[in-house]
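# Per-entry structural report
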Amino acid sequence: MSKLLRKPEKNEISQGVTIAQEVTAGNSPLEYVGFKIVDLASGAKYSEVLGKQECCIVAVTGKINVTADEEVFENLGTRESVFEKVPTDSVYVSNDRRFEVEGIGQARVALCYSPSEKQLPTRLIKASDNGIEQRGILNNKRLVHNILPDSDPTANSLLVVEVFTESGNWSSYPPHKHDRDNLPEESFLEESYYHEMNPPQGFVFQRVYTDDRSLDETMTVENGDVVLVPVGYHPVGVPDGYTSYYLNVMAGPTRIWKFYNDPDHEWILKR
Ligand SMILES: O=C(O)C[C@@H](O)[C@H](O)C(=O)CO
């Protein structure tokens, strides 16, 4: 199996707290992006002291309470399934803070991390704060929920976005990359993809490749998988009959999403 593809696990670390995905600098090729999926049973609590990392806590499904140092945010989360296609609530927590997430009923939480030194205020990102965008035409249409875009200065490095791609469509397409620290033309951002499909037996294809093809992997991605994009173009194709959801985390030395389209396929945008 590709080193860029992570299958979900069921690592129950305490009663009712299961780590389904865990991407760290220590177990992946990524230096700037860390990611966890934590499943919480009703009343179960997960806590962490962040150290030199910032974290965006996303209430993927179900409802949660979040405590960050002294601040308490109750009853977060807006959906039972991501495929309700409504934005959800998140909390940004800066480095050197402690947080705790409690499930109110069964909940799935994404923890999106990046290295961070300068402490910033904790911030509730309400579902209604998400910027909603319809992108693309023809079979390149997709729906985007911007949770932490680069236009929002309240994080040091993290960028977080949700993308829904309908049956038979393509997203992160035409293929683009952001792996050169060469602004204003292109920024260097690593990226992770957490995928879900509806219905859940579905799959999508994701290719990660570089111009010289020293990296060229095409992965069959299933419900709950994570794909790592250390470098390269990273398009996603969705088979007929299935809807795709993914949650992207991006981070790098400069908090700007400036991507470069694969010149061979850029004509797609000019139709
Ligand atoms: O517009 C899309 O299809 C989503 C992508 O931009 C995705 O968020 C990504 O690849 C970011 O680099």
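Conventions we followed
Residues numbered from 1 in each chain as written. Predicted model: local features only at pLDDT ≥ 70, side-chain atom pairs only at ≥ 80, totals over all residues. Heavy atoms only, no water. Helix = DSSP H or I, 4+ residues; strand = E, 2+ residues; numbered from the N terminus. Buried < 20%, exposed > 50% of the residue type's maximum accessible area, 1.4 Å probe, protein only. Polar contact = N/O pair within 3.5 Å; in protein donor to acceptor, adjacent residues only side chain to side chain. Contact = heavy atoms within 4.5 Å. Pairing = 2+ DSSP bridges. Near = heavy atom within 4 Å. Areas by Shrake-Rupley, 256 points an atom, 1.4 Å probe, with all protein chains shown as cover. 1 Å grid on protein atoms, 1.4 Å probe; cavity = no way out; pocket = protein on both sides within 12 Å on 5 of 7 lines; lining within 4 Å. Sits in = over half its atoms within 2 Å of the grid points. Nonpolar A, V, L, I, M, F, W, Y, C, P; charged D, E, K, R; others polar. Phe/Tyr/Trp six-rings, centres within 6.5 Å; stacked < 30°, edge-to-face > 60°. Lys NZ or Arg CZ within 6 Å of the ring centre and 35° of its normal. Core = buried A, V, L, I, M, F, W, Y, C linked by side-chain atoms within 4.5 Å.

### Observations concerning the side chain of Thr210
With respect to the helices and strands, Thr210 occurs in the loop between strand S19 (203-209) and strand S20 (216-222). You can call Thr210 buried: its relative accessible area is 12%. Separated by 2.9 Å, the side chains of Thr210 and Asp212 make a polar contact. Separated by 3.4 Å, the side chain of Thr210 and the backbone nitrogen of Ser214 make a polar contact. Not counting the four nearest positions on each side in its chain, Thr210 is found in contact with Leu215, Val231, Gly232 and Tyr233.

### A look at the sheet that holds strand S11 (residues 131-135)
With respect to topology, seven strands assemble into an open sheet ordered S1-S21-S18-S23-S13-S12-S11, the strand pairing being antiparallel. With one partner strand each, in any of the chains shown, strand S1 (5-6) and S11 form the two edges of the open sheet. Bridge analysis of strand S18 (residues 190-198) against strand S21 (residues 226-229) gives four bridges, and the strand direction is antiparallel. Directly across from Ser192, in S21, lies its bridge partner Leu228.

### Considering the site of the ligand
Among the 15 residues in the neighbourhood of the ligand, the closest are listed as Arg135, Arg142, Ser172, His178 and Asn248. At 3.0 Å, a side-chain N or O of His234 approaches an oxygen atom of the ligand. Measuring from an oxygen atom of the ligand, one finds a side-chain N or O atom of Asn248 at 2.7 Å. With the chains in place, 99% of the 330 Å² that the ligand exposes on its own is no longer accessible. When atom positions are compared with the pocket grids, the ligand is found to occupy the largest pocket. Only strand S13 (159-165), S18 and strand S23 (243-251) provide two or more residues apiece to the shell around the ligand. Split into classes, the residues belonging to the shell around the ligand amount to six nonpolar, six polar and three charged.

### Some details on the packing of aromatic side chains
Applying the stated criterion to the full structure yields eleven aromatic pairs. Among the aromatic side chains, those forming a connected cluster through ring pairs are Phe83, Phe164 and Tyr245. Looking at Arg180, its charged tip hangs above the ring of Tyr260, at a distance of 5.3 Å from the centre. When the ring centre of Tyr209 is taken as reference, the NZ or CZ atom of Arg207 above it lies at 3.9 Å.

### A look at the environment of Ser116
Looking at the element boundaries, Ser116 is found in the loop between strand S9 (98-115) and strand S10 (123-125). Taking the C-alpha atoms as reference points, Ser116 and Asn11, separated by 105 residues in sequence, lie 27 Å from one another. Setting aside residues up to four positions removed in sequence, Ser116 forms contacts with Lys52, Gln53, Glu54, Asn95 and Asn156. Here Asn95 takes part through its side chain, which lies 2.7 Å from a polar atom of the side chain of Ser116.

### What to know about the nonpolar core
By size, the foremost hydrophobic cluster in this structure holds 50 residues, and its most contacted members are Phe35, Cys56, Cys112 and Leu247. Tallying contributions element by element places S23 first for this core, with six residues. Excluding anything up to four places from it in sequence, Phe35 contacts Gln21, Glu22, Val23, Ala110, Leu111, Cys112, Tyr113, Ser192, Tyr194, Val226, Leu247 and Val249. Membership of the second largest hydrophobic core comes to 23 residues, among which are Leu50, Val66, Phe73 and Leu111.

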